[in-house]
Amino acid sequence: MAGYLCFFIFMSSVLPFTDASFDFASYYADHMVLQMAPAKAIIWGYGDVGAFVTVSIYKDYNGLMKKTVQVGGNADIWKVALDPVDHGGPYVLYAEQFFRGGVTSITLQDIYFGDVWLCGGQSNMEMTVLQVFNSTKELAEAYLYPHVRLFTASLVQARVELYDLDKVDLQWSVPTPETLGQGQFTYFSAVCWLFGRNLYDILKYPIGLVESCWGGTPVEAWSSARSLEKCGLSIHIERQKRNTSYYDYSYYGPEVYSVLWNAMIHPLLNMTMKGVIWYQGEANTNLNTELYNCTFPAMIEDWRTSFHEGSEGQTDRYFPFGFVQLSTNQKSESNDNFPIIRWHQTADFGYAPNSRMRNTFMAVAIDLCDETSPYGCVHPRDKQSVAHRLALGARAVAYGEKGIEFQGPFPKDIIVVENEAYINITYNQKLLIKPTNYSIFEVGCPSPQFGDMKDIQWIPANSITFYLTMVSVSYKGCCKYNITAVRYAWSDWPCEYKQCPLYSLDGLLPAPPFVKYFQN
């Protein structure tokens, strides 16, 4: 490891001035994981203007790095970019401030270098390990993973961008049954923990997990004003609709545009990290649903730019971003909003990564329904399958592991054979067919009343034939042979638990929903 530190002063238009004259920022503490090489981990904190700050790093009582910098300008912020450090530890981080003849020191212990992942979203990300299937066993195994470290930001809203977290729910901790099972929808996130544990089993080096999520929140709350403007949404117009003063913060709720970006994401931008996993979208089945194919990709792009700039280029400009395609909500629901959000989560491609969402990966969850969940059907308890599917995507996309199947089957070619009245759907991989209800394939006919693409009448396909990589969907007797579209799994609750018709050949990855429109 290189033997020096690179120091520089950071200035911002929105800087805090704290009572503490010398301290680290809120999310630096004992037991933390800092981002490993090839990136440089960023460390920052507060100091007295004009003071000299010395930072040293030790391992096994041997001093490895030492550098002094003067805090200057009109801000009380100091910021450090470490040279790249390979995974491992433990390290001791020792900082001293020399100011007006006095010396103040801070020591952080049990510091490791590894990969840092941010986990965001709403309540399905917020569910704790206490709430999942086999929770007793999962909690008991916490001690097997002492190098998977946990941190949780508090639920805070702000009308302006904060520079540091206002509160912390769980400071950096070694996993225990207590830290992983703090009640319901609190901390620590089951999906986040299980994902990190999966990665550790493969990578065999420290993983830092940062949870910042809030149940019932739409993507707009997690998006910056500039991100929303790209999709035609305005914070000022939205506040006017709510008849709230810009300064009437007491009236705000966590669904208000940008308030969680301001308070729970913007303060983390200086942190160097490996990537993000995200589980959100349910709240947008009732808010700006048709815009989600813009707001979600725009949020990803904005986060990437912001974290890259905030970390002085150390967080990759196109860091990997994994997300969970929505599971189920109501078995008898006829509303199309859940399948619409699932489609829009992929920017209307049906799969990820794609040309609008590069370096992303998706965990399909349409087959993880949980009708008897005590937390409501919208909160399925099988978070192990979610985390496993996310981890497969991370291994392939974030870590470049070859030969990893991380996506279920998706159509690569759809041909209408008009004279025989069937549609040949050729998939991009071999299929595992499960004996179940195949009516989730539907064909689209022009509406008898209007006869245009906006008013399609959907009819279950009257017969299905399966082959090794192809499905033939018959529409004989339907639509007077005037077929306009075909779709798969286009409902809130398309199949029972792990019983969708189509899976990858190993049976682990369900085929995601799709819809295909044909030209008249």
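Whatever comes next refers back to the structure up there.
First, a word on what this report is: a plain description of the structure on this page. Remember, predicted model here, so these are calculated numbers, not experimental data. (Residues numbered from 1 in each chain as written. Predicted model: local features only at pLDDT ≥ 70, side-chain atom pairs only at ≥ 80, totals over all residues. Heavy atoms only, no water.)

## Let's talk about empty space enclosed by the protein
Enumeration according to the criterion identifies two cavities of 30 Å³ or more in this entry. Here the largest cavity is characterised by a volume of approximately 80 Å³. For the largest cavity, the full set of lining residues is Tyr27, Tyr28, Met32, Val33, Leu34, Gln35, Ala41, Ile42, Val116, Trp172, Met271 and Thr272. It is strand β3 (residues 33-35) that provides the largest number of residues to the lining of the largest cavity, a total of three residues. Split into classes, the residues belonging to the lining of the largest cavity amount to ten nonpolar, two polar and no charged. (1 Å grid on protein atoms, 1.4 Å probe; cavity = no way out; pocket = protein on both sides within 12 Å on 5 of 7 lines; lining within 4 Å. Points joined across faces, edges and corners; volume = space filled by probe spheres on them. Helix = DSSP H or I, 4+ residues; strand = E, 2+ residues; numbered from the N terminus. Nonpolar A, V, L, I, M, F, W, Y, C, P; charged D, E, K, R; others polar.)

## Quick word on the sheet that holds strand β20 (residues 456-460)
Pairing is antiparallel in the open sheet, where four strands are placed in the order β20-β19-β23-β25. On the outer flanks of this sheet lie β20 and β25 (514-517), each paired with one strand and no other. Ignoring which end each strand starts from, the neighbouring axes of this sheet average 20° apart. Examined bridge by bridge, strand β23 (residues 485-488) and β25 share four bridges and lie antiparallel to one another. By the bridge assignment for β25, arginine 487 is matched with valine 515. (Pairing = 2+ DSSP bridges. Axes fitted to C-alpha atoms, helices over the stretch in contact; angles between N-to-C directions.)

## Regarding helix α8 (residues 292-310)
With 19 residues, α8 should reach 27 Å at 1.5 Å per residue; the first-to-last C-alpha distance of 26 Å fits that figure. Counting buried positions along α8 gives 14 out of 19 residues, so the element sits mostly inside the fold. Looking at the residues trailing α8, positive phi occurs at glutamate 312, about 55°. (Expected span 1.5 Å × (residues − 1). Buried < 20%, exposed > 50% of the residue type's maximum accessible area, 1.4 Å probe, protein only.)

## Some remarks on the pattern of salt bridges
Under the counting rule described, the total for this entry stands at 15 salt bridges. Lysine 498 is paired through a salt bridge with aspartate 382; the nearest N and O atoms lie 3.8 Å apart. With lysine 498 in the loop between β23 and β24 (502-504) and aspartate 382 in the loop between β15 (360-363) and α10 (383-398), the pair connects residues that are 116 residues apart, well separated along the chain. According to the relative accessible area criterion, aspartate 382 is buried, its value standing at 5%. With a closest N to O distance of 2.8 Å, glutamate 401 and arginine 395 form a salt bridge. (Salt bridge = Lys/Arg side-chain N within 4 Å of Asp/Glu carboxyl O.)

## With respect to the sheet that holds strand β22 (residues 470-474)
Taken together, four strands build an open sheet; the order of strands is β16-β17-β22-β21 and the sheet is antiparallel. Whereas interior strands pair on both sides, the edge strands pair on one side only; in this sheet they are β16 (411-417) and β21 (463-466). The sheet shows a mean angle of 15° between the axes of neighbouring strands, taken without regard to direction. Across four bridges, β21 lies against β22 in antiparallel orientation.

## Focus: α10
With 16 residues, α10 ought to run about 22 Å at 1.5 Å a step, and its terminal C-alpha atoms sit 21 Å apart, in line with that. Of all 16 residues making up α10, 15 are buried, and the element is well covered by its neighbours. Backbone nitrogen of glutamine 384 and a side-chain oxygen of the N-cap are separated by 3.3 Å at the start of α10; the cap is aspartate 382. Once α10 finishes, glycine 400 follows within two positions and takes phi at roughly 65°, a positive value. (Polar contact = N/O pair within 3.5 Å; in protein donor to acceptor, adjacent residues only side chain to side chain.)

## What to know about the packing of aromatic side chains
Inspection of every chain in the model, using the stated rule, returns 31 aromatic pairs. Note on tryptophan 117 and tyrosine 399: the rings are 6.4 Å apart at their centroids and 45° apart in plane angle, and the pair reads as tilted. One end of the pair, tryptophan 117, is in strand β9 (residues 102-121); the other, tyrosine 399, is in the loop between α10 and β16, and 282 residues separate them in sequence. For tyrosine 399, a relative accessible area of 22% gives the class partly exposed. Taken together, the ring pairs connect Trp222, Trp278, Tyr292, Phe296, Trp303, Phe307, Phe319, Phe321 and Phe323 into an aromatic cluster. Taking NZ or CZ as reference, arginine 317 lies 4.6 Å from the ring centre of tyrosine 318, over its face. The ring of tyrosine 318 has arginine 358 lying over it, and the distance from NZ or CZ to the ring centre is 4.0 Å. (Phe/Tyr/Trp six-rings, centres within 6.5 Å; stacked < 30°, edge-to-face > 60°. Lys NZ or Arg CZ within 6 Å of the ring centre and 35° of its normal.)

## What about a nonpolar patch on the surface?
A cluster of nonpolar side chains, contributed by Phe52, Phe98 and Val103, occupies part of the molecular surface with about 270 Å² of accessible area. Relative to the helices and strands, valine 103 is located in strand β9. (Patch = residues over 30% accessible without salt bridge, like charges linked within 9 Å, V, L, I, M, F, W, Y side chains within 5 Å. Areas by Shrake-Rupley, 256 points an atom, 1.4 Å probe, with all protein chains shown as cover.)

## Some remarks on the packing of α8 against helix α9 (residues 337-345)
Axis separation between α8 and α9 bottoms out at 8 Å; the angle between their running directions is 40°. In terms of orientation, α8 lies oblique with respect to α9. Between α8 and α9 the crossing geometry is right-handed. Contact residues: α8 offers Tyr292, Asn293 and Phe296, while α9 offers Ile341, His344 and Gln345. The residue makeup of the contact of α8 with α9, split by class, is three nonpolar, three polar and no charged. (Parallel < 35°, antiparallel > 145°, perpendicular 65-115°, else oblique. Left-handed = near helix turned anticlockwise from the far one by under 90°. Contact = heavy atoms within 4.5 Å.)

## Concerning the state of the cysteines
Overall, the coordinates contain three disulfides when judged by the stated rule. Covalently, cysteine 231 is tied to cysteine 294 through a disulfide, its sulfur atoms 2.1 Å apart. The chirality of the disulfide connecting cysteine 231 with cysteine 294 is left-handed, given an S-S dihedral of about -90°. On the criterion of sequence distance, the pair formed by cysteine 231 in the loop between α5 (225-229) and α6 (235-241) and cysteine 294 in helix α8 is long-range, its members being 63 residues apart. Cysteine 213 forms no disulfide, and the closest cysteine sulfur to it belongs to cysteine 119, at a distance of 8.0 Å. Of all cysteine sulfurs in the structure, the one in cysteine 495 sits closest to cysteine 369, which takes part in no disulfide; the separation is 6.3 Å. (Disulfide = S-S within 2.5 Å.)

## Notes on the environment of proline 177
Within the fold, proline 177 resides in helix α3 (residues 177-180). In this structure, the C-alpha to C-alpha distance between proline 177 and glutamate 138, residues 39 residues apart in sequence, is 8.5 Å. Leaving out residues up to four positions away in the same chain, proline 177 has contacts with Leu139, Ala142 and Tyr143.

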